[in-house]
Amino acid sequence: MNLYHFLVLGTEPRQQYLAEFLKEAGHEVMVAEEYLPGYHDAVLLPVPQTALYLERNIGKLQKGQVVYGCNFPAESVELGEAKGIRFVDYMKVDGVASKNAVATAEGAIAEAIQESKVNLQGNDTLVVGYGRCGEVLAEKLLAMNSKVTVMDRKEEKRCRAVAMGSRGISFDEGMTEMEKYDVIFNTVPAPVITKEYLSRTKKGVTIIDIASRPGGVDFDYCQKKEICAKLCLGLPGKYAPKSSAGILMEVIEKTL
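Treat the numbers as computed from the prediction; the structure is a model and nothing was measured.

Looking now at the sheet that holds strand β8 (residues 167-169). Spatially, 6 strands are ordered β8-β7-β6-β9-β10-β11 in an open sheet, and the strand pairing comes out parallel. The outermost strands of the open sheet, each flanked by one partner alone, are β8 and β11 (228-231). On average, adjacent strands in this sheet sit at an angle of 20 degrees to one another, irrespective of strand direction. Relative to strand β9 (residues 183-186), strand β6 (residues 124-128) runs parallel, the two sharing 4 bridges. Looking across to β9, one finds that Thr125 is bridged to Val183. Along the sheet, helix α5 (residues 132-143) contacts β6, β7 (147-151) and β9; its crossing angle with β6, the most-contacted strand, is approximately 170 degrees.

Okay, here's the thing in structure tokens:
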């Protein structure tokens, strides 16, 4: 087995577990908040802050290194690749996004339970977007006996949601029934829950946005109208750091 030197940046729990797994495999590992002098075969950036850490350290990376993270900024990647640096996006490796969706969905439900004043069981929940995370989230909410509606632009996805036990509605239909939902989950990384939708929501609604920054909810309007809305990033690292680190470890073993 080839052994490598890893620099693990960031101190979130997921990075700490990943460092432990690498050490157990016999690799040399350094954990730090900032880039350390010396040569490192691979540099591991924290998933929710990949862009921030990459932009801060792009000038320090060296030819031949492999950099791991998620949603790399295109400009930084172009600069790095010109220097002979290889980038591996965890979520673009087969199977990772699906596994990560489980931890994300469980984390989103945990956030909703903490923020909401009502039970998920027996109450109406809306899942906006039926991609990987939306599908797993709807499945888990159904298992909790929540009355789940999925709102998606594509008829094919709405039909699949219905086949799995949820209601399926378009965005036009959603505009007319926003007042019925106790908890709304957004998974779409685009401005979809606008003030037009928010103005029709039920008093006391809880909105959990798990889309990548800046999310898909008009948070300024929510703050103005005192609507409980929360952008929740890095949920796998927060609620299931060990399991999530294990998924990232599999990627490293496959790609390094």
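Right, let's get into the packing of helix α1 (residues 13-24) against helix α11 (residues 241-255). One way to put it is that α1 packs onto α11 with a least axis distance of 8 Å and a crossing angle of 50 degrees. As summarised for this structure, α1 and α11 are arranged oblique, according to the angle between their axes. Where α1 crosses over α11, the handedness of that crossing is right-handed. Residue-level contacts link Pro13, Arg14, Tyr17, Leu18, Phe21 and Leu22 of α1 to Pro241, Lys242, Ser244, Ala245, Gly246, Leu248, Met249 and Ile252 of α11.

Quick look at the nonpolar core now. Counting residues in hydrophobic clusters, the biggest one holds 23 residues, and the most contacted among them are Leu18, Leu22, Leu44, Tyr68, Tyr90 and Ile252. Secondary structure elements with two or more residues in this core: β1 (5-9), α1, β3 (42-44), β4 (66-69) and α11. Leaving out residues up to four positions away in the same chain, Leu44 has contacts with Phe6, Leu7, Val8, Leu9, Gln15, Leu18, Leu22, Tyr68, Tyr90 and Ile252. Core analysis: the next-biggest nonpolar cluster, separate from the first, contains 21 residues, Ala101, Ile109, Ala112 and Leu120 among them.

Summed over all chains, the structure comprises 11 salt bridges. Measuring nitrogen to oxygen at the nearest pair gives 2.6 Å for the salt bridge that ties Glu111 to Lys238. Highlighted residues: Glu111 in helix α4 (residues 96-115) and Lys238 in helix α10 (residues 235-239), separated in sequence by 127 residues. With a shortest N-O distance of 3.0 Å, Glu177 and Arg167 are connected by a salt bridge. Taken together, the positions of Glu177 in the loop between α7 (171-175) and β9 and Arg167 in strand β8 put the pair 10 residues apart, joining distant regions of the chain. Arg167 gets classed as partly exposed once you look at its relative accessible area, which sits at 36%. Connected via shared salt-bridge partners are Glu111, Glu115, Lys230 and Lys238.

Turning our eyes to something else, we now look at the sheet that holds strand β2 (residues 28-32). Read across the open sheet, the 5 strands follow the order β2-β1-β3-β4-β5; overall the sheet is parallel. Two strands bound the open sheet, and with one partner strand each, they are β2 and β5 (86-89). Between one strand axis and the next, the sheet turns by 20 degrees as a mean value, whatever way the strands run.

Criteria and cut-off values
Residues numbered from 1 in each chain as written. Predicted model: local features only at pLDDT ≥ 70, side-chain atom pairs only at ≥ 80, totals over all residues. Heavy atoms only, no water. Pairing = 2+ DSSP bridges. Helix = DSSP H or I, 4+ residues; strand = E, 2+ residues; numbered from the N terminus. Axes fitted to C-alpha atoms, helices over the stretch in contact; angles between N-to-C directions. Contact = heavy atoms within 4.5 Å. Parallel < 35°, antiparallel > 145°, perpendicular 65-115°, else oblique. Left-handed = near helix turned anticlockwise from the far one by under 90°. Core = buried A, V, L, I, M, F, W, Y, C linked by side-chain atoms within 4.5 Å. Buried < 20%, exposed > 50% of the residue type's maximum accessible area, 1.4 Å probe, protein only. Salt bridge = Lys/Arg side-chain N within 4 Å of Asp/Glu carboxyl O.

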